[in-house]
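Summary of the model geometry
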Amino acid sequence: MGSSQFFGAAEIGYFVAMMVYIGYFVFRSASAGKAATVVTSVSFASQTAAILLRWFESYQMGIGRAPLTNLYESLEFFIWCLILGYLIIEFKYKTRSFGAFITPIAGLTLGFIDLTAMKTTIEPLVPALQSNWLLAHVTMAFISYSAFGLSFAAAMMYLILKTDDRKGSAYWFWTITAGIFVSVLVAMLADYLNYHILHTPVADAKDALLGSTFRNKSSLVRLLSYLAAAAFTGIVWRYGGVLKRTFTYFGVSAELLDQLNYNLIALGFPIFTLGGLIFGAVWADQAWGVYWSWDPKETWSLITWLSYAFYLHARFIKGWRGTKVAVVAVVAFVTVVFTYLGVNIFLSGLHSYGEMP
Amino acid sequence: MEKPDKNNNNIVEKVWKFFTSVKLAAALILTIAITSIAGTVIEQQTEPAKNVKLFVKIFGAKLAPSIYSASDAMGLMDMYHSGWFTGLLVLFCANLIICSIDRLPKISRLVNEELSPMEEPSFKKFSIHKEYNLQGNIKDRVEDILKTLKSLGFKTVEHKSADGLQFYGQKWGISRYAVYVVHLSIVLILLGAVIGVKFGFNGYLSLPEGESSDVAYTRDGKTQPLGFTVRCDDFNVDFYNDTDMPKEYKSWLSIHENGKEILSQSIEVNRPLKYKGYAIYQASYGPVTDKNALIILRVTPSGGKTETMSMHVGDSFKIPGSTIEGKAKYFSPALAFNKETKEPFTYSEMMNNPAVYLEFKKDGKDLYEGWVVKRYPKTWDMPDGNKMELVDYWGYQYTGLQVRNDPGVWIVYLGCLTMLLGLYGAFFLSHRKIWVLLKGTKNQTTVMVAATTNKNRLSFEGVIYRAFEMLTVQR
Ligand code: HEM
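Quick notes on the rules
- Residues numbered from 1 in each chain as written.
- Chains lettered and ligands numbered in written order.
- Predicted model: local features only at pLDDT ≥ 70, side-chain atom pairs only at ≥ 80, totals over all residues.
- Heavy atoms only, no water.
- Helix = DSSP H or I, 4+ residues; strand = E, 2+ residues; numbered from the N terminus.
- Rg over C-alpha atoms; globule rule 2.2 N^0.38 Å.
- Buried < 20%, exposed > 50% of the residue type's maximum accessible area, 1.4 Å probe, protein only.
- Contact = heavy atoms within 4.5 Å.
- Lys, Arg positive; Asp, Glu negative; His and termini not counted.
- Charge placed at Lys NZ, Arg CZ, Asp CG, Glu CD.
- Donors = N, O, S within 2.8 Å, 3.2 Å for Na, K, Ca; no water.
- Domains from an automatic or database assignment.
- Near = heavy atom within 4 Å.
- Polar contact = N/O pair within 3.5 Å; in protein donor to acceptor, adjacent residues only side chain to side chain.
- Nonpolar A, V, L, I, M, F, W, Y, C, P; charged D, E, K, R; others polar.
- Pairing = 2+ DSSP bridges.
- Axes fitted to C-alpha atoms, helices over the stretch in contact; angles between N-to-C directions.
- Buried area = accessible area lost by both parts, 1.4 Å probe.
- Salt bridge = Lys/Arg side-chain N within 4 Å of Asp/Glu carboxyl O.
- Parallel < 35°, antiparallel > 145°, perpendicular 65-115°, else oblique.
- Left-handed = near helix turned anticlockwise from the far one by under 90°.
- Phe/Tyr/Trp six-rings, centres within 6.5 Å; stacked < 30°, edge-to-face > 60°.
- pLDDT = per-residue confidence, 0-100.
- Expected span 1.5 Å × (residues − 1).

A few points about the overall build of chain A
Tallying secondary structure elements over chain A gives 10 helices and 0 strands in all. Its C-alpha atoms give chain A a radius of gyration of 21 Å, near enough to 21 Å, the size a compact globule of 357 residues would have. C-alpha atoms of chain A, sized along the principal axes, occupy 55 × 55 × 45 Å. Within chain A, buried positions represent 57% of all 357 residues. Long-range contacts, defined here as pairs at least 24 residues apart, represent 75% of the contacts in chain A between residues at least 6 apart. Averaged over its 23 positive side-chain charges, chain A has a centre that lies 13 Å from the centre of its 18 negative ones.

Next up, the structure:
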């Protein structure tokens, strides 16, 4: 078996785990919880094997490099760190209820990998990328991204647990965020069904992502998709209290979530500063002779960094606690996602449009 | 802060107060973040045409021209070098420095504050607080308790009172300064950046193989004398197997001063050359098409010794030790063959697949002819056992060098280092205090523990509870 089979097995495993965790959360069945943990652990082991195998295979191909140097590999590594972090939390705090909120982040990432037709083959490196600084940079950046991802989940859970006033802005905030998040996830599932199960052909690989729904050729489908997403968000808004009661059933304390949210950011922030910003700058300095050139990626990293700095100051100086900082943590994670994916998709899109004749 | 005194409320104080404000900090951080976003959408320092198209796409053809010229006037097309963006950063620094200075006296009081023993009722007021009953009287257990406190990292003071025997201590008070170290480091980094921009030089230099220069150029065409001469001795691109994916760009450079060679070194993308404060980076490369370059061949006659020969296209040469005459008829920097017609053609101006067409004659009669391709050793062997290796087409390529002199970069790195130290202190250390009160009967000791920390309460609490819990189960 090669690395891609192990990756494939892990991918399916994580999807199953996500479903089972959600099932566990909704139906509170203890055996489902155990099953979810087992599936996650097995998938994690498979993914670990896949990453190691891929490393080995690159040596066999005469390329010889750690599997951390392109978009695909870095996203796999992100998922790996996220799941590792989750398993540690599950073990440490002896609660599985978080699984229903963290595995969907992995699911979303996997869907993204699957539907954007990104290169998954092992490619040799162009000269600029042949640097140990790059390796340190990517590894640490992704460890911090997964810490931020976990803090995002903790912040969402906190908001769910603490707000029940349907008129309150924090309640609106989390219901809309959850609505968008789940709608995108479901839209990706629809894509998966459409292309992989029904084998509907795609004209252009670039249009595959959300092509069955929000980016469909037919404006009717697009309209229906948006309506469905809006309706779903409405349902979340109306019945969000049910989630809160479920949490109460699992005995998760708001204080723990708030603390966890902070601890994860306190872990992620220094790592991001060192790996994401400083190592990135040292590498750029080595390769091109400029440590900072304000290119969109660098600038968005800075924006992410400022967002988390804002979080820390809001918490420490203004004494913001709970709901307010949780909202900041959610927004800050959106900037993380944009830094990593949005810059590639939207800004390069805008700029390459500018380059068209 | 002291109570504001109405009479003393002059301008200086008002300005000071304005800069100590955390609201200002939040506003500045948000403003810098949001304006930076604009800078990532609008392409910076590029030809106007690109951004005009972008504006048309976003605002439509009608509005675009006026919005474009307004944005241009505001410096949005080269935002990070504009006066107002620099101004924002200056304000931000002032805010950081003044806010930190303003708070330091209070912090230093907190750090240097002596602890004092507490009365028994006060113990219960702490959020980290617990009581333990240990077997054995105080005398028996006091050593264990001191050991526990030591293992927790506390040096404690002993105090005897009517309440009982008390130990108390604190650690890592100094970590309260850590955030100020972080703030200072930001100022250092910006200072280093300013020094780099003001006193440094960042430019480029294109050197054809075999040529030298004692100046470099900035993007806007200014000349910078280097104080020494750089020569490009050679340049080469290596590719992965038989693909066109570059594996390595390499320039062989030498530095000359007063006509003497001082240094000779090869550089690659991640390995620059450093000399006299300048760093020279491999940045790009390209062909010098109007140059009459030299074909360099390594010729090994069958059974003979290898010799290196150089010639121009069209020149003839002799295979050493024989009467065979060779001629370099054509050169192609990137040879390929048409799949159907098998016709040779050149698919790129770059030296992706350099090849030379050689023709051999003996006594006026044609012997053999064909392509010798640098990347394919199989083509080097001639039918009669002679070997012709194409080494280079020297003088055909130029190397694009980035030349930089940045006296501020060390300050930037120093700032990065202090930032890491500061972040470590700010996040992983906290100012911790502990009090332990012992009261005993003949064979039992009651231990009352109270503790505080300015951060990470849950983890400190866990550590303390675990340590003291151990004492109850022992023996
Ligand atoms: C983006 C730049 C900044 C960064 C990266 C930064 C970093 C930090 C960090 C890491 C902390 C510690 C938070 C914690 O303990 O978890 C902190 C605290 C603090 N920062 Fe900043 N800071 C920045 C800008 C500013 C500015 C402009 C001000 C000016 C008002 C400021 C004022 C403070 C204050 C007053 C504290 C709390 C100090 C205390 O707890 O005693 N910061 N900062």
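Description of the coordination of the iron atom of the ligand
Coordination of the iron atom of the ligand by the protein involves His313 of chain A (NE2) and His183 of chain B (NE2), with metal-donor separations of 1.8 to 1.9 Å. A relative accessible area of 29% means that His313 of chain A is categorised as partly exposed. You can call His183 of chain B buried: its relative accessible area is 16%.

Some remarks on the domain arrangement of chain B
According to the domain assignment, chain B contains domain 1 (6–109), domain 2 (114–172 + 430–473), domain 3 (187–289 + 398–419) and domain 4 (294–394). Computed from C-alpha atoms alone, the centre-to-centre distance between domain 2 of chain B and domain 3 of chain B is 62 Å.

Thoughts on the site of the ligand
The immediate surroundings of the ligand are formed by 23 residues, with His313 and Phe316 of chain A together with Val179, His183 and Lys455 of chain B found nearest. Taken together, the residues near the ligand originate from chains A and B. One of the side-chain nitrogen or oxygen atoms of Tyr262 of chain A is found 3.2 Å away from an oxygen atom of the ligand. Counting only elements with at least two residues in the shell around the ligand, the list comes to helix H9 (296–316) of chain A together with helix H4 (83–112), helix H7 (178–199) and helix H8 (409–428) of chain B. A per-element tally of the shell around the ligand places H4 of chain B first, with 6 residues. The residue inventory of the shell around the ligand, partitioned by class, reads 17 nonpolar, 4 polar and 2 charged.

A look at the sheet that holds strand S11 (residues 294–300) of chain B
Residue and element names in this part refer to chain B. The antiparallel open sheet is built from 3 strands, whose spatial order is S12-S11-S19. At either end of the open sheet lies a strand with only one pairing partner, and these are strand S12 (307–311) and strand S19 (387–394). Averaged over neighbouring strand pairs, the angle between their axes works out to 25° when direction is ignored.

Side note on the interface of chain A and chain B
Counting residues at the interface gives 48 residues for chain A and 52 residues for chain B. For the pair chain A and chain B, the two sides together bury roughly 4500 Å², of which 68% comes from carbon and sulfur. Taken together, the links from chain A to chain B amount to 1 salt bridge. Residue Asp285 of chain A is joined to Arg404 of chain B by a salt bridge in which the shortest nitrogen-to-oxygen separation is 2.4 Å. Where chain A meets chain B, there are 3 residue pairs in polar contact (both at pLDDT 80 or more). When residues of the side of chain A that touches chain B are traced back to their parent elements, those giving at least two are helix H8 (254–288), H9 and helix H10 (323–355) of chain A. No other element matches H8 of chain A, which puts 17 residues into the side of chain A that touches chain B.

What to know about unusual backbone geometry
Non-glycine residue Arg28 of chain A carries a positive phi angle of around 55°. One can find Arg28 of chain A in the loop between helix H1 (3–27) and helix H2 (30–60). In this structure, Asn258 of chain B takes a positive phi of about 50° despite not being glycine. Considering the arrangement of structural elements, one finds Asn258 of chain B in the loop between strand S7 (246–257) and strand S8 (260–267). For Asn258 of chain B, a relative accessible area of 81% gives the class exposed.

Quick word on the packing of helix H5 (residues 132–162) of chain A against helix H6 (residues 169–197) of chain A
All names here are of chain A. Their axes nearest at 9 Å, the elements H5 and H6 cross at an angle of 130°. Here H5 lies oblique to H6, going by the angle between them. In the crossing of H5 with H6, the sense of the turn from one axis to the other is left-handed. Contacts from Phe152, Met156, Leu159 and Ile160 in H5 reach Ala170, Phe173, Trp174, Thr177, Ala178 and Phe181 in H6.

A short note on the sheet that holds strand S1 (residues 128–135) of chain B
Residues and elements named next belong to chain B. Pairing within the open sheet is antiparallel, and its 5 strands lie in the order S1-S22-S21-S3-S2. Every interior strand has two partners, whereas the edge strands, S1 and strand S2 (157–161), have only one. Direction aside, neighbouring strands of the sheet carry axes that sit 20° apart on average. On top of the sheet, helix H6 (residues 138–151) reaches S1, strand S3 (164–171), strand S21 (432–440) and strand S22 (444–453); it is set at about 170° to S21, its chief contact. Along the sheet, helix H9 (residues 457–473) contacts S1, S21 and S22; its crossing angle with S1, the most-contacted strand, is approximately 10°.

What to know about the packing of aromatic side chains
Counted by the stated rule, this structure contains 45 aromatic pairs over all chains. Ring plane angle 85° and centroid distance 5.8 Å describe the contact between Trp292 of chain A and Trp294 of chain A, whose orientation is recorded as edge-to-face. Residue Trp292 of chain A is classed as partly exposed on the basis of its relative accessible area, which comes to 25%. Judged by centre distance (5.8 Å) and plane angle (70°), the rings of Trp410 of chain B and Tyr413 of chain B are edge-to-face. Pair noted here: Trp410 of chain B and Tyr413 of chain B are both in helix H8, with a separation of 3 residues, about one helical turn. These aromatic residues form a ring-pair network of at least three members: Phe78, Phe142, Tyr145, Phe148, Phe272, Tyr308 and Tyr340 of chain A.

Some remarks on the confidence of the model for chain B
Residue and element names in this part refer to chain B. Across chain B, pLDDT averages 85, with 97% of residues at or above 70. Mean pLDDT in chain B bottoms out at helix H3 (residues 48–73), which sits at 78, and peaks at H8, which reaches 92. Across the whole predicted complex the pTM is 0.83, and at the interface the ipTM reaches 0.83.

With respect to the environment of Thr399 of chain B
Residue and element names in this part refer to chain B. Turning to its location among the elements, Thr399 is positioned in strand S20 (residues 397–405). The class of Thr399 is buried, set by a relative accessible area of 0%. For the pair Thr399 and Asp234, spaced 165 residues apart in sequence, the C-alpha to C-alpha distance is 8.6 Å. If we ignore the near neighbours within four places in the chain, the residues touching Thr399 are Leu205, Ser206, Leu207, Cys232, Phe235, Ser251, Gln282, Ser284 and Tyr285. Side-chain polar atoms of Thr399 contact the side chain of Ser251, separated by 2.7 Å. Polar side-chain contacts of Thr399 include one of 3.0 Å to the side chain of Gln282.

Description of the environment of Arg315 of chain A
Residue and element names in this part refer to chain A. By the element assignment, Arg315 lies in helix H9. Separated by 311 residues in sequence, Arg315 and Ser4 place their C-alpha atoms 44 Å apart. Among residues more than four places away in sequence, those in contact with Arg315 are Asp258, Tyr262, Trp320, Arg321 and Val325.

Focus on the pairing of S3 of chain B
Residues and elements named next belong to chain B. Counted residue by residue, S3 has 7 buried out of 8 residues, so it is predominantly covered. Two elements, S2 and S3, share 5 bridges in a ladder whose sense is antiparallel. In the sheet register, His159 faces S3, and the bridge partner there is Gln166. From the end of S2 to the start of S3, which pair antiparallel, there are 2 residues. Two elements, S3 and S21, share 7 bridges in a ladder whose sense is antiparallel. What sits directly across from Gly169, in S21, is Ile434.

Here we look at H1 of chain A
Residues and elements named next belong to chain A. The terminal C-alpha atoms of H1 lie 35 Å apart, and with 25 residues this matches the ideal 36 Å at 1.5 Å per residue to within 8%. When we look at burial in H1, the residues that qualify are Ser3, Phe7, Ala10, Glu11, Gly13, Tyr14, Phe15, Ala17, Met18, Tyr21, Tyr24 and Phe25. The elements touched by buried residues of H1 are H2, helix H3 (71–93), helix H4 (99–115), H6 and helix H7 (219–250). A positive backbone phi angle near 55° is found at Arg28, which sits one or two residues after H1.

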